[in-house]
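Descriptive structure summary
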Amino acid sequence: MLIRELRDLGVFRVLPGKTTAARLNRLKRRKVFTPGCIDNPRCVRRVGKVLRAKVLYHLEVSGAEEGIRLNMRTFDVRSGKEVRQASEIASSETGDADRVARWVTRMVSSPMITT
């Protein structure tokens, strides 16, 4: 859902999941992409550079009393810093997880001003 939503916005070139997964696995083996990397600007810059990305998105899905929580963050590769964050809970109703995924994707990928 996330990749389709970003692609449909027509602004981003999205790497296929298999391509990104293979590159991330190589980075893990080389100990470049390590636990907690997403909270370390230097690590975010290195991973983004290897992926040839300008922006990285991080989606975390976790259980919540009311259903599931989707927390999505956007990182600027040049600075390694988080520039956007959105979090929303999806209920167990059919289609609600898709709705929430679209919503948080739009929240963190809306036009950004860069310097």
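Now for a quick tour of the structure. (Residues numbered from 1 in each chain as written. Predicted model: local features only at pLDDT ≥ 70, side-chain atom pairs only at ≥ 80, totals over all residues. Heavy atoms only, no water.)

**Focus: the nonpolar core**
Residues Leu 27, Val 32, Cys 37, Ile 38, Cys 43, Val 44, Val 47, Leu 51, Leu 56, Phe 75 and Val 77 constitute the largest nonpolar core, which totals 11 residues. Tallying contributions element by element places helix H3 (residues 41-51) first for this core, with 4 residues. Listed in part, the 8 residues of the second largest apolar core include Ala 86, Ala 90, Val 100 and Val 108. (Core = buried A, V, L, I, M, F, W, Y, C linked by side-chain atoms within 4.5 Å. Buried < 20%, exposed > 50% of the residue type's maximum accessible area, 1.4 Å probe, protein only. Helix = DSSP H or I, 4+ residues; strand = E, 2+ residues; numbered from the N terminus.)

**Things to note about the sheet that holds strand E1 (residues 55-64)**
Judged by pairing direction, the sheet is antiparallel, and its 3 strands sit side by side in the order E1-E2-E3 without closing on themselves. Each having just a single partner strand, E1 and strand E3 (82-90) make up the two edges of the open sheet. Direction aside, the axes of adjacent strands within the sheet are offset by 15 degrees on average. With 8 bridges connecting them, strand E2 (residues 67-76) and E3 associate as antiparallel partners. (Pairing = 2+ DSSP bridges. Axes fitted to C-alpha atoms, helices over the stretch in contact; angles between N-to-C directions.)

**Considerations on helix H4 (residues 96-109)**
Its 14 residues place the ends of H4 20 Å apart at the C-alpha level, agreeing with the 20 Å of an ideal helix rising 1.5 Å per residue. Of the positions making up H4, those classed as buried are Asp 96, Val 100, Ala 101, Val 104, Thr 105, Val 108 and Ser 109. (Expected span 1.5 Å × (residues − 1).)

**Let's talk about the side chain of Arg 73**
You can see Arg 73 is positioned in strand E2. Judged by its relative accessible area of 14%, Arg 73 falls in the buried class. Within the structure, Arg 73 has its side chain in polar contact with the side chain of Glu 82 (distance 2.7 Å). When neighbours within four sequence positions are excluded, Arg 73 is seen to be in contact with Ile 38, Asp 39, Leu 56, Tyr 57, His 58, Glu 82, Arg 84 and Gln 85. (Polar contact = N/O pair within 3.5 Å; in protein donor to acceptor, adjacent residues only side chain to side chain. Contact = heavy atoms within 4.5 Å.)

**Focus: the state of the cysteines**
Covalently bonding the sulfur atom of one cysteine to the sulfur atom of another cysteine gives a disulfide. Per the counting criterion, the structure on display carries 1 disulfide. With its sulfur 1.8 Å from that of its partner, Cys 37 forms a disulfide with Cys 43. In this structure, the disulfide formed by Cys 37 and Cys 43 twists by about -105 degrees around the S-S bond and is classed as left-handed. Classification of Cys 37 by relative accessible area gives buried; the value is 3%. (Disulfide = S-S within 2.5 Å.)

Purely spatial values, then, with no claim about function.
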